[in-house]
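# Coordinates in review
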Amino acid sequence: MIFVIGPLFSGKKAFAMESLGCGEEDLAEHVQDMVWADMTEENMTTLADKLSQYKVVIATEVGSGVVPIDAEERAKRELAGRLNCLLAERAETVVRVFYGLPLVLKGRL
């Protein structure tokens, strides 16, 4: 699995589709939406295992922006960050896309 991370609107999906030759069926996107929907500490590993079966997983970075004032939002953001760590651990390759520019953090393309 190739794990592609980066800020919102940084070109992650375009990179995956153009440079990695992925189609919609190859991508697992909106990982943070899964966290907001129903993720708990108990099912985080199961979700990471499920997502790692895709060819490419795309996630938005968390933790670099403003810290939410709401405790529940902070907890969900922490879970999203921890899920990203699990996905990076499972990935053969991790690529950060920033301003449309890919930077390989783990493995190689």
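Residues numbered from 1 in each chain as written. Predicted model: local features only at pLDDT ≥ 70, side-chain atom pairs only at ≥ 80, totals over all residues. Heavy atoms only, no water.

## Some points on the packing of aromatic side chains
Pairs of aromatic rings are described using the distance from one ring centre to the other and the angle between the two planes. How we decide: Aromatic pairs are defined between Phe, Tyr and Trp rings, using the six-membered ring for Trp, whenever the two ring centres lie within 6.5 Å; interplanar angles under 30 degrees are classed as stacked, those over 60 as edge-to-face, and all others as tilted. For the exposure calls, accessible area comes from a 1.4 Å probe over protein chains only, and a residue counts as buried if that area is under 20% of its type's maximum, exposed if over 50%, partly exposed in between.
Tallied over the full model, the rule gives one aromatic pair. Relative to Tyr-99, the ring of Phe-98 lies with its centre 4.4 Å away and its plane at 70°, an arrangement referred to as edge-to-face. Classification of Phe-98 by relative accessible area gives partly exposed; the value is 31%. For Tyr-99, a relative accessible area of 70% puts it in the exposed group.

## Details of the nonpolar core
Just so we agree on the cut-off: Nonpolar cores were defined as sets of buried Ala, Val, Leu, Ile, Met, Phe, Trp, Tyr and Cys residues, with membership established by side-chain atoms within 4.5 Å. Strands are runs of DSSP state E lasting at least 2 residues, helices are runs of H or I lasting at least 4, and numbering of each runs from the N terminus. Any pair of residues with heavy atoms lying within 4.5 Å of one another is described as a contacting pair.
Core analysis: the largest hydrophobic core is formed by 20 residues, its most contacted members being Phe-3, Val-31, Met-39, Leu-51, Val-57, Leu-83 and Leu-87. Among the secondary structure elements, those contributing two or more residues to this core are β1 (2–6), α2 (31–38), α3 (44–51), β3 (56–60) and α4 (71–90). A per-element tally of this core places α4 first, with five residues. The contacts of Leu-51, once residues within four sequence positions are left out, are Ala-28, Val-31, Met-34, Val-57, Leu-83 and Leu-87. Residues Ile-2, Phe-15, Ala-16 and Val-97 belong to the second largest nonpolar core, which totals 11 residues.

## Re the pairing of β1
Note the following rule: Here, any two strands with at least 2 DSSP bridges between them count as paired.
A large share of β1 lies buried, amounting to five of its five residues. The alternating pattern of β1 places Ile-2, Val-4 and Gly-6 and Phe-3 and Ile-5 on opposite faces, both of which are buried. Taken together, the five bridges between β1 and β3 define a ladder with parallel strand orientation. Note on β3: the bridge partner recorded for Ile-5 is Ala-59. With four bridges joining them, β1 and strand β4 (residues 93–98) adopt parallel strand pairing. Residue pairing in the sheet places Val-4 in a bridge with Val-95 of β4.

## A few points about the sheet that holds β1
The five strands are arranged β2-β3-β1-β4-β5 in an open sheet whose pairing can be described as mixed. Every interior strand has two partners, whereas the edge strands, β2 (27–28) and β5 (101–106), have only one. The pairing of β2 with β3 spans two bridges and is parallel. Counterpart to Leu-27 in the pairing with β3 is Val-56.

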